[in-house]
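Coordinates in review
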Amino acid sequence: MASVVGKWQSSEDSEPYLTFSDDGKFRGNDGCNGMSGRYEQDGDTVSVTFVAANVRGCPGVDTWLSKLKSITVGESTLEVYDASGELLGSLARES
């Protein structure tokens, strides 16, 4: 089982990212808005609870990461899903 702890980033111009710490907290940015909260990992699935998030309009920026509800963890890739279970995108482990 791969651990979610560490930084995961997109190759998009706006560079969305998520960083997970050992204490069950995460923070990130969808390319426009900051976000933070708590997470729980159960096997290769991670569920998140938002504690804080900025909400501002950013013309031309795809803020798909702000719809995050759950994640599937691989060795080098996170798959990000919304509340209905639809795949939103993926992030790569920072090397």
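Structure first, text after, so check above.
Throughout what follows, the structure given in this document is the object of discussion. (Residues numbered from 1 in each chain as written. Predicted model: local features only at pLDDT ≥ 70, side-chain atom pairs only at ≥ 80, totals over all residues. Heavy atoms only, no water.)

**Quick look at the packing of aromatic side chains**
Counting across every chain of the model gives 2 aromatic pairs. Chaining the aromatic ring pairs together yields one cluster made of Phe20, Phe26 and Tyr39. (Phe/Tyr/Trp six-rings, centres within 6.5 Å; stacked < 30°, edge-to-face > 60°.)

**Some details on the environment of Arg27**
Relative to the helices and strands, Arg27 is located in strand S3 (residues 25-29). According to the relative accessible area criterion, Arg27 is partly exposed, its value standing at 47%. Sequence separation between Arg27 and Gly37 is 10 residues, and the spatial gap between their C-alpha atoms is 6.5 Å. Sequence-distant contacts of Arg27, that is, excluding residues within four places in its chain, are made with Tyr17, Leu18, Thr19, Met35 and Ser36. (Helix = DSSP H or I, 4+ residues; strand = E, 2+ residues; numbered from the N terminus. Buried < 20%, exposed > 50% of the residue type's maximum accessible area, 1.4 Å probe, protein only. Contact = heavy atoms within 4.5 Å.)

**What to know about the state of the cysteines**
Here the structure, examined in full by the defined rule, presents 1 disulfide. Each sulfur of the disulfide joining Cys32 and Cys58 lies 1.2 Å from the other. One end of the pair, Cys32, is in the loop between S3 and strand S4 (34-42); the other, Cys58, is in the loop between strand S5 (45-53) and strand S6 (70-73), with 26 residues separating them in the sequence. Residue Cys58 is classed as partly exposed on the basis of its relative accessible area, which comes to 22%. (Disulfide = S-S within 2.5 Å.)

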